[in-house]
Amino acid sequence: MALSVHPGTVFAVPDTLPSLRELLATAVTAVGGAERPGQVEMAEAVDASIRTGDHLAVQAGTGTGKSLAYLVPAVRHAVANGSTVVISTATIALQRQLVDRDLPRLAKALAKPLKRTPTFAILKGRRNYLCLHRLDGGPQDEPEDQALFDPFAISRLGREVTRLREWVSDTETGDRDELVPGVSEQAWRQVSVSARECLGASKCPMGTDCFAEKARAEAGRADIVVTNHALLAIDALQGYQVLPEHDVVIVDEAHDLVDRVTSVATGELSAAMVSIASRRVGRLVEEDRADRLNECGDGLAMLLEDVPTGRLDTIPEPLRVTITAIRDAAHHCVSSLGPERGADADVVAARKLAMSLLEEVHDNAVRVLEAFDTDDAHRRDVVWITGDYGSNTPRPPTLKVAPLGVAGLLREKLFGENTTILTSATLTLGGSFDALARQWGLPGQSAGEKVDGMASEKEVAPDSIRWTGIDVGSPFDHAKSGILYTARHLPPPGRDGLPEAYLAELKSLVEAAGGRTLGLFSSMRAAKNAAAELRERTDVEILCQGDDSTSLLVKKFAENPQTCLFGTLSLWQGVDVPGPSLSLVVMDRIPFPRPDDPLASARQRAVEARGGNGFLSVAATHAALLLAQGAGRLLRSMDDRGVVAILDPRLATARYGGFLRASLPPFWPTTDAEVVRAALRRLDDAAN
Ligand code: SF4
């Protein structure tokens with residue numbers, strides 16, 4: 001929950017504190033770096049944003065030193081005003097870098113000039129901390145249907161819960177990430193609670209020792225609180241006060257904000273959920289009410305078996321009737337549970353556990369039904385059925401309901417309540433912040449001037465929100481350090497796997513580079529096929545995502561220059577391998593969303609229904625962001641050199657190609673394969 005400081009509030013920093021430039025210079029010296037112009041520009045822009053209350057979006061390329069550029073003004077503001085600044089990241093890797101490396105060094109370096117040591121804390125969602133009340137004999141969760149009949153699953157679960165009981169006497173934080181090796185999700189659920197299920201510290205017999213409460217209390221005393229986008233979204237959108245009071249939010253890895261917020265705002269409804277809810281409530285209300293809910297769950301299970309997976313544009317009548325019955329049965333159970341009574345913590349906890357799932361079932365049923373109330377142009381939510389969709393492990397069919405956009409939520413709950421600074425190496429697409437600003441609910445910056453082919457979705461954000469977008473550039477000389485190769489001579493990619501011409505091209509590039517290749521594929525199937533084919537055709541070692549844990553594969557790839565690593569989505573954004581182990585990034589095709597991606601296709605239809613160009617607004621924006629992130633894997637340190645090769649001629653030939661190319665770093669462009677192979681051979685020779 002934010003402080004009631006309206007954005008636009010002007011903060012003053014006491015004269016007794018050193019200037020921003022002095023503090024930044026001290027911090028940079030302490031971490032052993034050199035002052036960089038982009039870093040100074042960014043730090044001054046962040047400082048100005050905090051002082052004036054105008055929001056800020058800063059694009060800062062790899063090597064800018066952007067974490068110090070926002071941490072220094074953030075710490076200075078927090079110390080000067082006795083307030084807290086929240087820093088949110090998308091990945092655990094960045095969270096660890098901030099908490100384990102950047103902040104300890106910064107706190108030490110700034111302690112003397114600030115006349116006290118700045119403090120910081122990390123805060124995660126309640127589910128990440130062990131719940132002592134649950135562990136102490138609070139209500140256990142009902143096993144899922146399949147686990148009920150699987151003796152191996154039950155004994156494994158028992159062993160894991162026993163291990164968790166032993167761990168509690170060793171851990172000081174109860175933080176799941178500190179448990180090595182980890183336990184299954186099902187075991188962890190037996191010893192943790194969601195914010196909805198928690199009894200509240202004042203009512204809980206374990207409240208004074210509670211790990212989650214201690215973490216919150218520590219965060220409340222800290223100058224800087226590091227968290228993740230999901231918790232930021234829960235705090236802003238769902239009305240639980242999970243973050244301490246704060247007046248400034250800095251969102252790093254902001255290119256991922258919309259996806260993470262969308263995940264938090266996505267609900268689901270399945271037969272298993274309904275059945276567990278009926279079992280949880282079974283002992284607390286009249287038997288016939290719980291039985292009725294259970295019957296409705298059985299009805300849903302049977303119906304979902306017959307409805308094909310994918311997006312639902314209309315709701316079949318039998319499904320509508322069944323979901324209406326679930327909604328009403330859940331509502332009756334909630335009414336029967338009635339208000340909280342009595343002081344027995346176990347009874348209160350059992351009621352809370354039942355109530356939280358019943359409310360989820362009820363609310364998601366309402367959302368699914370309401371999603372079909374309006375036409376395409378005005379729909380707020382999209383509904384689809386998952387099963388095997390997008391997954392290698394079959395799951396029982398589940399209804400999902402997700403918002404078509406989160407712009408309104410972010411505008412009201414994030415930008416409306418805090419001064420917000422967004423940063424990433426990739427925030428401009430087609431040379432403009434407009435595409436992402438639109439998704440965040442901020443007004444566009446360009447007055448109608450757009451790169452050829454860009455969309456014309458009607459503006460939704462009011463101009464009253466003041467924000468600035470700046471690109472502080474990159475220390476790399478992209479045109480001298482990298483080549484952007486588009487394989488214009490190849491046929492456009494089709495649906496039937498990788499054709500021979502692609503495989504021959506890939507082999508020739510990999511061999512010219514002597515390994516050193518990160519292959520980014522649009523699907524796991526394409527990555528596996530390419531790995532299998534190349535293993536037949538070349539002696540270069542090919543690692544493929546899924547063969548081992550991704551972190552181990554990346555480590556092996558980084559340590560052995562003569563290897564290649566092929567994979568899909570998580571590698572597009574998560575690989576950081578400086579040096580000669582990586583001199584070629586290959587992308588098999590422009591990463592448009594799959595045509596059957598329910599959310600992207602529904603967003604596209606909604607834009608079209610409002611008179612915009614859905615393909616360009618949704619699919620091209622998605623592809624541009626991923627292309628820029630993928631291309632960003634190439635140059636990670638000042639001495640890096642190499643090639644980004646895109647085996648999709650549409651980058652050079654399609655109308656939208658201009659927008660996509662303008663979203664990439666300014667590498668030297670070519671379509672000449674021989675020039676590229678010669679450059680890769682030279683790099684390989686120089687590295688050997
Ligand atoms: S306060 Fe909530 S999270 Fe903490 S021990 Fe009690 S029930 Fe568990």
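Each chain carries its own residue numbering, running from 1 in the written order of its sequence. Totals for whole chains, interfaces and linings use every residue, but because this is a predicted model, local features are given only for residues with pLDDT of at least 70 and side-chain atom pairs only at 80 or more, for both listing and counting. By convention in this description, side-chain values take in all heavy atoms of the structure and omit both hydrogens and water.

Throughout, near means a residue has at least one heavy atom within 4 Å of the molecule or strand. Around the ligand, the neighbouring residues are Arg126, Cys131, Leu132, His133, Val193, Cys198, Leu199, Cys204, Met206 and Cys210. Residue polarity is assigned by list, with Asp, Glu, Lys and Arg as charged and Ala, Val, Leu, Ile, Met, Phe, Trp, Tyr, Cys and Pro as nonpolar; anything else, Gly included, falls into the polar class. Along the lines of polarity and charge, the residues of the shell around the ligand split into 8 nonpolar, 1 polar and 1 charged.

It is worth spelling out the pairing of strand S4 (residues 224-228) at this point. Burial classes: relative accessible area under 20% of the type maximum marks a residue as buried, over 50% as exposed, and values in between as partly exposed (1.4 Å probe, protein chains only). What counts as a helix is a DSSP run of H or I of at least four residues, what counts as a strand is a run of E of at least two, and both are numbered from the N terminus. Counted residue by residue, S4 has 4 buried out of 5 residues, so it is predominantly covered. Across 3 bridges, the pairing between strand S3 (residues 120-122) and S4 is parallel. Bridge pairing in S4 links phenylalanine 120 to isoleucine 224. Here, any two strands with at least 2 DSSP bridges between them count as paired.

Moving on, we come to the sheet that holds strand S7 (residues 310-312). Spatial strand order, S6-S9-S8-S7: 4 strands in an open sheet with antiparallel pairing. Here the strands that pair on one side only, and so sit at the sheet edges, are strand S6 (267-269) and S7. Pairs of neighbouring strands in the sheet enclose a mean axial angle of 30°, with direction left out of account. Two elements, strand S8 (residues 381-386) and strand S9 (residues 398-403), share 6 bridges in a ladder whose sense is antiparallel. For isoleucine 385, the partnering residue across the bridge sits in S9 and is leucine 399. Axis lines are fitted through C-alpha atoms, for helices just across the contact stretch, and the angle between N-to-C directions can take any value from 0 to 180 degrees.

What follows deals with the sheet that holds strand S16 (residues 584-587). Paired through their backbone hydrogen bonds, the strands of a sheet run either parallel or antiparallel. Read across the open sheet, the 7 strands follow the order S14-S15-S13-S16-S17-S12-S18; overall the sheet is parallel. The sheet is open, and its two edges are formed by strand S14 (541-544) and strand S18 (668-670), each paired on a single side. Averaged over all pairs of adjacent strands, the angle between their axes in this sheet comes to 20°, without regard to strand direction. The pairing of strand S13 (residues 517-520) with strand S15 (residues 563-567) spans 4 bridges and is classified as parallel.

This brings us to the packing of helix H12 (residues 271-282) against helix H13 (residues 287-306). At a closest axis distance of 8 Å, the pairing of H12 and H13 adopts a crossing angle of 170°. Here H12 lies roughly antiparallel to H13, going by the angle between them. Together, Ala271, Val274, Ser275, Ala277, Ser278, Val281 and Gly282 of H12 and Ala290, Leu293, Asn294, Gly297, Leu300 and Ala301 of H13 make up the contact between the two elements. In the contact of H12 with H13, the residues fall into 8 nonpolar, 5 polar and no charged. Working rule for angles: under 35 degrees goes down as roughly parallel, over 145 as roughly antiparallel, 65 to 115 as roughly perpendicular, anything else as oblique. For this analysis, residues touch if any pair of their heavy atoms sits within 4.5 Å.

Moving on, we get to the pattern of salt bridges. By definition here, a salt bridge exists when the distance from a side-chain nitrogen of Lys or Arg to a carboxyl oxygen of Asp or Glu is within 4 Å. All told, the structure shown has 38 salt bridges when counted by the stated rule. Between aspartate 576 and arginine 636 there is a salt bridge whose closest N-O contact spans 2.8 Å. With aspartate 576 in the loop between helix H22 (569-574) and S16 and arginine 636 in the loop between helix H24 (614-631) and strand S17 (642-646), this residue pair connects regions lying 60 residues apart in the sequence. You can call aspartate 576 partly exposed: its relative accessible area is 49%. Arginine 636 sits in the buried class, given a relative accessible area of 18%. Several salt bridges share partner residues, and in doing so they unite Arg21, Glu35 and Glu44 into one network.

On to the confidence of the model for the protein chain, then. As a per-residue measure, pLDDT reflects the predictor's confidence and takes values from 0 up to 100. Per-chain confidence: the protein chain averages 89 in pLDDT, with 91% of residues scoring 70 or above. This model gives residues 145-149 a pLDDT under 50, and the stretch forms 7 contacts once residues within four places in sequence are excluded. Long-range and interchain partners of residues 447-460, a stretch whose pLDDT sits below 50, account for 30 contacts in this model, where long-range means more than four residues apart.

Turning to helix H16 (residues 407-415), its buried residues number three or more, namely Ala407, Leu410, Leu414 and Phe415. Viewed end-on, H16 has its buried residues packed into an arc of 70°, placing them on one side of the element. Looking at the packing, one finds that the buried side of H16 touches strand S1 (55-59), helix H10 (229-237), strand S5 (248-251), helix H11 (257-264), strand S10 (419-424) and helix H17 (434-440). Think of the arc as the fan of directions from the helix axis to the C-beta atoms.

Before going further, it helps to examine the pairing of S14. In this sheet, S15 lies alongside S14 in parallel orientation, the contact comprising 4 bridges. Its bridge partner being in S15, cysteine 544 is matched across the sheet by phenylalanine 566. Following the backbone out of S14, through helix H21 (residues 550-559) and into the adjacent parallel S15, one traces a crossover that is right-handed. We call a crossover right-handed when, viewed with both strands directed away from the observer, the connection leading from the first strand over the helix to the second proceeds clockwise.

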